[in-house]
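# Chain and residue survey
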Amino acid sequence: MRLEIDQWPRVPAYLEIKGDDDQQVWNAAELLGIDREQLTGKYELPGRWDC
C-alpha cells in the first residue's frame, strides 16, 4: 500500500491510496478516517487498485 499526494496546475491537491487490491485500499482509507463513499477509483494497472 502506498499513499501519494498529487498536485497539478489548476487542480486541487488530492490523495492517492494505492494497493494490491480494493480491500487494502479500503483498510488504509478507514485508518485515515475516510469513508468508502468518499473514494473514487479505478484500476490503473492490472492488479493494482488506485483511489
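Predicted, not measured: the structure shown is a model, and the values here were computed from it.

### Here we look at the pairing of strand S1 (residues 2-8)
Across a regular strand the side chains alternate sides, sitting on one face of the sheet and then on the other. Relative to strand S2 (residues 11-19), S1 runs antiparallel, the two sharing 6 bridges. If you follow Leu3 over to S2, its bridge partner there is Ile17. Between S1 and S2, which pair antiparallel and follow one another directly, the connecting turn spans 2 residues, one of which, Arg10, has a positive phi of 65°.

### Focus: the packing of aromatic side chains
Inspection of every chain in the model, using the stated rule, returns 0 aromatic pairs. In this structure, Arg36 packs its charged tip against the face of Trp26, placed 3.8 Å from the ring centre.

### Topic: the pattern of salt bridges
Summed over the entire model, instances satisfying the criterion amount to 3 salt bridges. Ionic pairing is found between Glu4 and Arg2, a salt bridge with its closest N-O pair at 2.5 Å. Measuring nitrogen to oxygen at the nearest pair gives 3.6 Å for the salt bridge that ties Lys18 to Glu16. Taken individually, Lys18 and Glu16 each receive the classification buried, so the pair is uniform in this respect. A single network of salt bridges, built from pairs that share partners, joins Arg2, Glu4, Glu16 and Lys18.

Reading the values: the criteria
Residues numbered from 1 in each chain as written. Predicted model: local features only at pLDDT ≥ 70, side-chain atom pairs only at ≥ 80, totals over all residues. Heavy atoms only, no water. Pairing = 2+ DSSP bridges. Helix = DSSP H or I, 4+ residues; strand = E, 2+ residues; numbered from the N terminus. Phe/Tyr/Trp six-rings, centres within 6.5 Å; stacked < 30°, edge-to-face > 60°. Lys NZ or Arg CZ within 6 Å of the ring centre and 35° of its normal. Salt bridge = Lys/Arg side-chain N within 4 Å of Asp/Glu carboxyl O. Buried < 20%, exposed > 50% of the residue type's maximum accessible area, 1.4 Å probe, protein only.

Just distances and angles here, no functional claims.
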